[in-house]
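# Summary of structural features
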Amino acid sequence: MESAERSGKGMPEKAVYSVIGMTCSACSGQVERVLRQLPGIHDAVVDALTDRALITFYPALITEETIRETIEDVGYQATLIQDHQTNAKSSQMCRIRINGICSSCSSAVESALQALRGVLMAQVASADEEAQVHYDPKMVTYKELLEAIEDTGSVAILITTGYMSQFQLKVDGVSTDHSMRLIENSLRSLPGVQDIAIDPKLSKFSVSYKPDVTGPRNFIQVIESTGSGRYKAMIFPETRSEVHEKEIKRYYRSFLLSLVFTVPVFLTSMVFMYVPGIKAGLDRKVVNMLSVGEILRWGLSTPVQFVIGRRFYSGSYRALRHGYANMDVLIALGTNAAYFYSVYSVLRAAASKDFMSTEFFETSSMLISFILLGKYLEISAKGKTSTAIAKLMDLAPETAILLTLDSEGNVTRDEEIDSRLIQKNDVIKVLPGAKVASDGFVIWGQSHVNESMITGEARPVAKRKGDTVIGGTVNEDGVLHVEATQVGSASALSQIIQLVESAQMAKAPVQKFADRISKYFVPLVITLSFSAWLVWFLAGKFHRYPKSWIPSSMDSFELALQFGISVMVIACPCALGLATPTAVMVGTGVGASQGVLIKGGQALESAHKVNCVVFDKTGTLTIGKPVVVNTRLLKNMVLQEFYELVAATEVNSEHPLAKAMVEYAKKFREDEENPTWPEAKNFVSITGHGVKAIVRDKEIIVGNKSLMLDQNITIPSEAEDMLAETESMAQTGILISIDGELAGVVAISDPLKPGASEVISILKSMKVKSIIVTGDNWGTANSIAKEVGIENVIAEAKPEQKAEKVKDLQASGNIVAMVGDGINDSPALVAADVGMAIGAGTDIAIEAADIVLMRSNLEDVITAIDLSRKTFSRIRLNYIWALGYNLLGIPIAAGALFPSTGLRLPPWIAGAAMAASSVSVVCCSLLLKNYRRPKELDGLDMQGVEVVK
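Quick caveat, the model's predicted, so the values are computed rather than measured. (Residues numbered from 1 in each chain as written. Predicted model: local features only at pLDDT ≥ 70, side-chain atom pairs only at ≥ 80, totals over all residues. Heavy atoms only, no water.)

Next up on the list: the overall build of the chain. Looking only at helices and strands, the chain features 32 helices and 36 strands. Counting every position in the chain, which comprises 949 residues, the buried fraction comes to 54%. Sequence-distant contacts, at least 24 apart, represent 70% of the contacts inside the chain between residues at least 6 apart. Summed over all atoms, the accessible surface of the chain reaches about 41200 Å², with 54% contributed by carbon and sulfur. (Helix = DSSP H or I, 4+ residues; strand = E, 2+ residues; numbered from the N terminus. Buried < 20%, exposed > 50% of the residue type's maximum accessible area, 1.4 Å probe, protein only. Contact = heavy atoms within 4.5 Å. Areas by Shrake-Rupley, 256 points an atom, 1.4 Å probe, with all protein chains shown as cover.)

Okay, structure coming up:
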């Protein structure tokens, strides 16, 4: 963002368009490609399923009308829905948990949310049972979002809303509506409280608030001081894992309860019929031809059908009411067909003296039991796909020691509190061996902190007064007093967790394939099921097959009915829907555990195709902590005075080379910890070249050779020779002029990262070519390239030129990954197919990057590409299995093999196969948890790269 402002583009803004006429992903891809080629386009995301285009652009370079006209030129009707509404100031994002949502229902929920006026973007992840919605709070409220979700038949629970925090409290002692209102009014009176939601049944208060103004301890204090101390407030105990465990237990109990009824039905219909004594008792007639066994099976299967299977009826009703069919519809149709035909059969037997009943009560009850078992196994397996988030959450300590200070900063009291109750500006005591409870800065004490779990840095980092610390890291030896600066969702650990959660929600483009199929899958299956029944029924009625094909316990109608039911229950849209999100969830989780944060399915899909990696030099191939190694003065002046002028000029620059010269200048001021430099007036930064300013009435210019030539400053041969010498040693030569005359040359060295050449070699073996694009001079760039084994070099490139080079490579047919520091390289990171920000540490919210490499290790570039390839390979395997299962299973269930082999799938076996298909897809994705990075990386020792500050 900063680089965008410096280059005159300003801050990017967003606009949402309705694009009518797209029919498939090829259409949306065509629009995206055309838009991304326009000058001033930061990013373009077009979704053919929702007919929406989300465009991020620089208003200084392009207008909304130009974007609209471009879309219409491609051949589609475009309408601007909202402009600038996705900026942080005017839009909000809320996260909503959706209990019990299946993969085939997620599209319906997304459509319901997108249909609301004011919703800018909605993403639903069935594997994570969560939705993220970006919306305009002026046009729609989060309560309306919850209502829209619940109208589709799902249970919606708000997790967080807007850019505020939310805290849930359980209050004991509340017995009346008056008590509820009293507590609510007390909370609302607190400054910073934005909204309160109450669940009277659970005595739960969900408070949305601004963490900069108030916090959870204030809420507890206010509640407990209300009503003369009658109320007791505590953190609401339910967590994400507990909610998931409850759902698993609910399905498990339903399955066990169904077995209580289904096992006797199975025994009386398929086992006891072969035990002579019992068979006689079951065959005893009660009314006409109605037997004891039939009455027993009817009575036992009815609770399974209508009580235990009630969820399938309610799910079907809600789905059909909103105009779509899901898996519940297939199950309800299949089990009802078997159950009600059986009821018809036994009632006819009861009314007739010669009709032999043939009922399928075991089909409906066994079918529901197997489906419940499959759901239980599927949800259990899905829970294991998100263990990465659970491990990240475990990094936060459970408790913290809160200090109370007097006006002079002396400790007057300490108490142990739940770490979730920490508020901004609290002072926390961190003991040796304990975890840091919150982001903040040290106000007292010295110690070493192990930050490897967050940054990947293996060696403990020294901390003293004024240094920042990260929540979740481990204090090694000394005692620290830390003032909390970022709490709750604003902390670095929370941001990492949110990034991983967002990544697991973001759909890969290949998911659109499954979404399109699921739209038509259920109606198609119902049609095929009816067709199978009709074909077999007509074939039997007109004697088109031998009577010997019909089992002795059936007639031709019943045989046809079984084929129709089997087709209906064997088809499985859920397996298709789970193929991509489960693999993405596991893949991103594995990446997070290895310090590679992948921002969703789009990044994964692009990264697996990468065949060209563009590296920035400083901080990417090199350590990024340059140091001054040599100085040559070309004027008769004192070295200290020379560096005084240089430091005064460069102290205003954020460039690593500038910082290196300022640090070197401090050596001449050893008596001062933070020296004050002379005032620099008229400071100007020339991007990619250097800086200039007026210091002590002298014009100082610090920069590269091209800057000096642009300023008409003569470069003597002595300086030319030193530049050539420094460049030959892979060093950077900086020229300094004073009042239009070259005064000195400074040589700066930035060492290569250990193992850089090996990483380039491994990339070559993976058929990925490497290129250096740097703003440094040609000599230094060529020396670095030669040392690491890169043949293609682009030097003296400005940030926008780096982006142009990336686009040139893409135009040549390459899938390009750009690896940079995420700040100066942001235009190139955005332009690349995959942007990788390396060494981000706590700055994980780098919007330009698709993949954030938490550690400063080049080997993680290989890990990111290799993991994406493995993940996408797993997605392909899932699709092959899911599609193959349906393409083979449906014909077999329809009786395609019955004429030649006699093979017939009873409905209960078809139902078991359907349940097994979903579980198998999830288990296939879970195998990604065994991912190991390429063996070639095991020999590289790149951990613990440390630069002494």
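A few words now on the pairing of strand 34 (residues 816-820). Burial runs high along strand 34: five of the five residues are buried. By the bridge criterion, four bridges tie strand 34 to strand 35 (residues 834-838) in an arrangement that is parallel. By the bridge assignment for strand 35, Val819 is matched with Met836. (Pairing = 2+ DSSP bridges.)

Relative to the helices and strands, Leu877 is located in helix 30 (residues 859-893). Along the sequence, Leu877 and Ala579 sit 298 residues apart, while their C-alpha atoms lie 8.5 Å from each other.

To continue, consider the side chain of Thr588. Examined against the element boundaries, Thr588 turns out to sit in helix 19 (residues 573-593). Here the side chain of Thr588 touches Val584 through a polar contact of 2.7 Å, landing on its backbone oxygen. (Polar contact = N/O pair within 3.5 Å; in protein donor to acceptor, adjacent residues only side chain to side chain.)

This part is about the pattern of salt bridges. Tallied over the entire structure, the rule returns 16 salt bridges. Glu859 is the partner of Arg933 in a salt bridge, and the nearest nitrogen-oxygen pair spans 2.4 Å. Taken together, the residues Arg933 in the segment after helix 32 (907-926) and Glu859 in helix 30 connect sequence positions 74 residues apart. What makes Arg933 partly exposed here is its relative accessible area of 22%. A salt bridge links Asp866 to Lys870, with the shortest nitrogen-to-oxygen separation between them at 3.1 Å. (Salt bridge = Lys/Arg side-chain N within 4 Å of Asp/Glu carboxyl O.)

Once that is clear, we can look at the packing of helix 12 (residues 327-351) against helix 18 (residues 556-570). Close contact between helix 12 and helix 18 brings their axes to 8 Å; oriented N to C, the two are set at 160 degrees. With respect to helix 18, the axis of helix 12 lies roughly antiparallel. Here helix 12 and helix 18 pass one another in a crossing that is left-handed. The segment helix 12 lies against helix 18, with Leu330, Leu333, Gly334, Ala337, Ala338 and Tyr341 engaging Phe557, Glu558, Leu561, Ile565, Met568 and Val569. (Axes fitted to C-alpha atoms, helices over the stretch in contact; angles between N-to-C directions. Parallel < 35°, antiparallel > 145°, perpendicular 65-115°, else oblique. Left-handed = near helix turned anticlockwise from the far one by under 90°.)

Attention now moves to a negative patch on the surface. On the surface, Glu144, Glu147, Glu150 and Asp151 cluster together into a negatively charged patch. You can see Asp151 is positioned in helix 5 (residues 142-151). (Patch = residues over 30% accessible without salt bridge, like charges linked within 9 Å, V, L, I, M, F, W, Y side chains within 5 Å. Lys, Arg positive; Asp, Glu negative; His and termini not counted. Charge placed at Lys NZ, Arg CZ, Asp CG, Glu CD.)

Turning our eyes to something else, we now look at the sheet that holds strand 9 (residues 165-172). Taken in spatial order, the four strands make up an open sheet running 10-11-9-12, and their pairing is antiparallel. Looking at strand neighbours, the two that pair on one side only are strand 10 (193-199) and strand 12 (232-235), the edges of this open sheet. Across the sheet, the mean angle separating the axes of adjacent strands is 30 degrees when strand polarity is ignored. Pairing of strand 9 with strand 11 (residues 204-209) involves six bridges; the strand directions are antiparallel. Directly across from Leu169, in strand 11, lies its bridge partner Phe205. On top of the sheet, helix 7 (residues 216-225) reaches strand 9, strand 10, strand 11 and strand 12; it is set at about 30 degrees to strand 9, its chief contact.

What follows is about the sheet that holds strand 20 (residues 461-463). Spatial ordering of the open sheet is given by 20-19-22, a layout of three strands whose pairing is antiparallel. Where the open sheet ends on each side, the last strands, each with one partner, are strand 20 and strand 22 (474-475).

Soluble globular proteins tend to bury their nonpolar side chains together. Grouped together as the largest cluster of nonpolar side chains are 105 residues, with contacts concentrated most on Val613, Phe615, Leu763, Met836 and Ile851. In terms of residue count, helix 30 provides more of this core than any other element does, twelve residues in total. Residues Leu190, Ile223, Tyr231 and Ala484 belong to the second largest nonpolar core, which totals 29 residues. (Core = buried A, V, L, I, M, F, W, Y, C linked by side-chain atoms within 4.5 Å.)

Take the pairing of strand 35 next. Among the five residues of strand 35, five are classified as buried, and the element is accordingly described as predominantly covered. Both faces of strand 35 are covered, namely the face carrying Val834, Met836 and Ile838 and the face carrying Gly835 and Ala837. Two elements, strand 35 and strand 36 (residues 851-853), share three bridges in a ladder whose sense is parallel. Within the sheet, the bridge partner assigned to Ala837 lies in strand 36 and is Val852.

So, about helix 3 (residues 64-74). For helix 3, every residue scored as buried is listed here: Glu64, Ile67, Thr70 and Ile71. The arc that holds the buried residues of helix 3, viewed along the axis, is 125 degrees, so those residues lie on one side. (Arc of directions from axis to C-beta.)

The next thing to look at is the environment of Ser254. Along the polypeptide, Ser254 turns up in helix 8 (residues 240-271). Overall, Ser254 belongs to the buried group, its relative accessible area being 14%. Between the alpha carbons of Ser254 and Ile308 there is a distance of 6.5 Å; along the sequence they are 54 residues apart. Not counting the four nearest positions on each side in its chain, Ser254 is found in contact with Ile308, Arg311 and Leu372.

This paragraph deals with the state of the cysteines. The final tally for this structure, using the stated rule, is zero disulfides. We note that Cys923 lacks a disulfide partner, and the nearest cysteine sulfur, in Cys924, lies 8.8 Å from it. Of the residues examined, Cys923 reaches a relative accessible area of 37% and is grouped as partly exposed. (Disulfide = S-S within 2.5 Å.)

This part covers the packing of helix 19 against helix 30. Closest axis-to-axis distance for the helix 19/helix 30 pair is 9 Å, and the angle between their directions is 160 degrees. With respect to their mutual orientation, helix 19 and helix 30 come out roughly antiparallel. Judged by the twist between their axes, the crossing of helix 19 over helix 30 is right-handed. Residues Ala575, Leu576, Ala579, Thr580, Thr582, Ala583, Val584, Gly587, Val590 and Gly591 of helix 19 form the contact with helix 30, whose own contacting residues are Leu867, Thr871, Ile875, Asn878, Tyr879, Ala882 and Leu883. Each residue belonging to the contact of helix 19 with helix 30 can be placed in one class, and the counts come to eleven nonpolar, six polar and no charged. (Nonpolar A, V, L, I, M, F, W, Y, C, P; charged D, E, K, R; others polar.)

Looking now at the packing of aromatic side chains. Note on aromatic pairs: each is described by the distance of the centres and the angle between the planes. One pass over the structure, following the stated rule, counts 25 aromatic pairs. Taken together, a centroid distance of 5.6 Å and an interplanar angle of 65 degrees make the contact between Tyr339 and Phe361 edge-to-face. Residue Tyr339 is found in helix 12, and its partner Phe361 is found in helix 13 (residues 361-385); the two are separated by 22 residues along the sequence. Phe361 shares its class with Tyr339; the two are buried. Here the aromatic cluster, defined as three or more aromatic residues joined through ring pairs, consists of Trp298, Phe306, Tyr313, Tyr339, Phe340 and Phe361. Across the ring face of Phe236, the terminal group of Lys204 is positioned such that the distance to the ring centre comes to 4.8 Å. It is Arg311 that lies over the ring of Tyr251; its NZ or CZ is 4.6 Å from the centre. (Phe/Tyr/Trp six-rings, centres within 6.5 Å; stacked < 30°, edge-to-face > 60°. Lys NZ or Arg CZ within 6 Å of the ring centre and 35° of its normal.)

We now examine the confidence of the model for the chain. Here the chain averages 81 in pLDDT, and 87% of its residues register 70 or above. Below a pLDDT of 50 lies the segment residues 1-8, which in the model reaches 13 contacts outside its immediate sequence neighbourhood of four places, other chains included. Confidence drops under pLDDT 50 across residues 941-949; counting only partners more than four residues distant or on other chains, this segment forms 21 contacts. (pLDDT = per-residue confidence, 0-100.)

Once that is clear, we can look at unusual backbone geometry. One non-glycine residue, His543, lies in the positive phi region at around 55 degrees. If you trace the backbone, His543 turns up in the loop between helix 17 (511-541) and helix 18. At Arg696, a residue that is not glycine, the phi angle is positive and equals roughly 50 degrees. Here Arg696 lies in the loop between strand 28 (690-695) and strand 29 (698-703).

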